[in-house]
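# Results of the structural survey
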Amino acid sequence: MRGSKVLILTLGLAILAVVSGGCAEQRDASPGILEPETDISGEENRVFGEVSDTAAELSGEIEIEGLGVFSFDPGEVETVRDDLFRNNHFSIFDVLVHLEQTGQIEIAYYFDEVMNTYVITDLDGHGEWWYDAYYDGGWRERSVFRMDHYPYKDKMVLRIVRAAEEYLQAVYATYLDEVSRLNENDGKLIVPEVIIEGKNDTMVFEDVEVTAHNLRNDMFQDGVVTAIDTILSLAENNKISYDLQWYESIGTAGVVKSYWVERINDDVSEGRCGFVYEAGDEEFYFFRGNHNHIPSDIRVINSPQYVKYFWICI
């Protein structure tokens, strides 16, 4: 029953966008705010299920606008971000590099240290490229997540598309802000605002230091921080408690292989209700690009302006 309820919750996000009448209404609909100073050290944090073999194995495809569809063997793809990914795991950007290395496309790119990401400078005679990507069982959605951070999975849909220069510059500006914030905090990942909107109450935590817990060290190098580490960091400081649940698959989504936040404090996912999340810069809140279906345990964060977990019923 856990699998079917989470599938309903996930699919309901598209319905939520219509019912709420837009993004701003969702952000403004906040319950009463609680003082986040409560010590809950007596509460138990629990993790159900264990990480399985998560390396991609099936033949994959990537469509590049104007160039066609290319097939690749994930076992042959190596990552250019070995500071993030372990062996046999890679990003959707690494697929493009693989196609170049095997002579299937010509692409020029460089690593931008002040944004902590690779930037494409030329592909098919153009320099402005972005992506449409989603995992098995998902749908097309807007995302401003770094291309070289986005983990590849079996059965995902992947398309590289032209993008407006103004849009990319706006996205890149948030990357600059994140790295600048990280440097200003001497390399500590401190999130200015973490919001947890539960069933009845909202907790807001300011300047939360988020540290790596290596929950997904099957995929990532030790020390890499993901969005779910926000929950774990708050809990180890006795601010909240949680349950996590591992899912191999959920309904028609055959490849999930991630942990989901099942409980925060007294709010436990049940029926058509549960927690979802987003992270990033205020400019791209909710469906503008921060809220997508990358599970929070594999969404690497640099130093976002906010992280938000919120309760929805559909």
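Refer to the structure above for everything that follows.
Residues numbered from 1 in each chain as written. Predicted model: local features only at pLDDT ≥ 70, side-chain atom pairs only at ≥ 80, totals over all residues. Heavy atoms only, no water.

### Quick word on the sheet that holds strand β8 (residues 157-162)
Applied cut-off: By the convention used here, strands pair only if DSSP detects at least 2 bridges between them. Secondary structure elements follow DSSP: runs of H or I of four or more residues count as helices, runs of E of two or more count as strands, with numbering from the N terminus. Note on definitions: angles span 0 to 180 degrees between N-to-C directions of axes, and those axes are lines fitted to C-alpha atoms, for helices only across the stretch in contact.
Within the open sheet, the four strands sit side by side as β4-β3-β8-β7. Their pairing is mixed. Edge positions in the sheet fall to β4 (68-72) and β7 (129-134), since each of these pairs with one other strand and no more. For this sheet, the mean angle separating the axes of adjacent strands, direction not counted, is 20 degrees. For strand β3 (residues 60-64) and β4, the ladder comprises five bridges, and the chain directions are antiparallel. If you follow Glu 63 over to β4, its bridge partner there is Val 69.

### Re unusual backbone geometry
Quick note on the threshold: Partly exposed residues are those whose accessible area sits between 20% and 50% of the maximum for their type, while under 20% is buried and over 50% is exposed, using a 1.4 Å probe and protein chains only.
Backbone geometry at Asp 186 places phi at a positive 55 degrees, although glycine is not the residue there. Mapped onto the elements, Asp 186 comes out in the loop between α4 (165-184) and β9 (190-197). Using a relative accessible area of 72% as the deciding quantity, one classes Asp 186 as exposed. Although it is not a glycine, Asp 207 adopts a positive phi angle of roughly 50 degrees. Along the chain, Asp 207 falls in strand β10 (residues 201-209). On the accessibility criterion, Asp 207 (56% relative accessible area) is exposed.

### Considering the environment of Asn 292
Applicable threshold: Contacts between residues were defined by any pair of non-hydrogen atoms, one from each residue, lying within 4.5 Å.
For Asn 292, the position within the fold is in the loop between β14 (273-280) and β15 (306-313). Since its relative accessible area comes to 4%, Asn 292 is described here as buried. Separated by 153 residues in sequence, Asn 292 and Trp 139 have C-alpha atoms that sit 9.9 Å apart. With sequence-adjacent residues up to four places away left out, Asn 292 is seen in contact with Glu 141, Arg 142, Ser 143 and Arg 299.

### With respect to the side chain of Asp 229
Formally: Positive charge is attributed to Lys and Arg, negative charge to Asp and Glu, and no charge count is given to His or to the chain ends. Throughout this description, the term salt bridge denotes a Lys or Arg side-chain nitrogen within 4 Å of a carboxyl oxygen of Asp or Glu.
Tracing the backbone shows Asp 229 in helix α5 (residues 228-236). Buried charge without a partner: Asp 229 forms no salt bridge, and the closest opposite charge is Arg 216, 11 Å away. When residues no more than four places from it in sequence are discounted, the contact partners of Asp 229 are Val 210, Thr 211, Ala 212, His 213 and Val 224.

### So, helix α3 (residues 92-101)
Put simply, the test is: Polar contacts, as counted here, are pairs of nitrogen or oxygen atoms within 3.5 Å of one another; within protein the pair requires one atom able to donate a hydrogen and one able to accept it, and residues that are adjacent in sequence qualify only if both atoms are side-chain atoms.
With eight of ten residues buried, α3 lies mostly within the body of the structure. Turning to α3, its buried residues number three or more, namely Ile 92, Phe 93, Asp 94, Val 95, Leu 96, Val 97, His 98 and Leu 99. Packing partners of the buried residues in α3 comprise β3, β4, β5 (107-112), β6 (117-123), β7 and β8. Two to three positions downstream of the cap, the backbone nitrogen of Phe 93 sits 3.2 Å from a side-chain oxygen, assigning the N-cap of α3 to Ser 91. Gly 103 sits one or two residues past α3 and shows a positive phi near 75 degrees.

### Here's the deal with the packing of aromatic side chains
By convention here, two paired aromatic rings are described through the distance between centres and the angle between planes. The criterion, for reference: Between rings of Phe, Tyr and Trp, where Trp is taken as its six-membered ring, a pair exists when centres lie within 6.5 Å; planes separated by under 30 degrees are stacked, by over 60 edge-to-face, and by other angles tilted.
One pass over the structure, following the stated rule, counts 17 aromatic pairs. Here the aromatic rings of Phe 90 and Tyr 152 are separated by 5.2 Å at their centres, their planes lie at 15 degrees, and the arrangement is stacked. Of this pair, Phe 90 sits in the loop between β4 and α3 while Tyr 152 sits in the loop between β7 and β8, placing them 62 residues apart in sequence. Judged by its relative accessible area of 2%, Phe 90 falls in the buried class.

### Re the pairing of β14
Of all eight residues that make up β14, eight are buried, and the element is covered over most of its length. Where burial is concerned, the two faces of β14 agree: the one with Cys 273, Phe 275, Tyr 277 and Ala 279 and the one with Gly 274, Val 276, Glu 278 and Gly 280 are both buried. Two elements, β14 and β15, share eight bridges in a ladder whose sense is antiparallel. Its bridge partner lying in β15, Gly 280 is registered against Tyr 306.

### Remarks on the pattern of salt bridges
The tally for this structure, following the rule as stated, stands at twelve salt bridges. Taking the shortest distance from any N to any O, the salt bridge between Asp 132 and Arg 140 comes out at 2.5 Å. Among the residues examined, Asp 132 registers a relative accessible area of 17% and is labelled buried. We note a salt bridge from Arg 146 to Glu 178, for which the minimum N-O separation is 2.7 Å. Residue Arg 146 is located in the loop between β7 and β8, and its partner Glu 178 is located in helix α4; the two are separated by 32 residues in the primary sequence. Residue classification places Arg 146 among the buried positions, given a relative accessible area of 4%. In this structure, a network of salt bridges that share partners links the residues Glu 63, Asp 132, Arg 140 and Arg 159.

### Comments concerning the side chain of Thr 226
Mapping Thr 226 onto the fold places it in the loop between β10 and α5. The class for Thr 226 is buried, based on a relative accessible area of 5%. Beyond its immediate chain neighbours, meaning those up to four positions away, Thr 226 contacts Phe 220, Ser 296, Asp 297, Ile 298, Arg 299, Val 300 and Ile 301.

### Brief notes about the environment of Pro 295
Looking at the secondary structure, you find Pro 295 in the loop between β14 and β15. Under the relative-accessibility criterion, Pro 295 is labelled buried at 10%. Between the alpha carbons of Pro 295 and Ser 258 there is a distance of 6.6 Å; along the sequence they are 37 residues apart. The contact partners of Pro 295, leaving out residues within four places of it in the chain, are Tyr 135, Lys 153, Ser 258 and Tyr 277.

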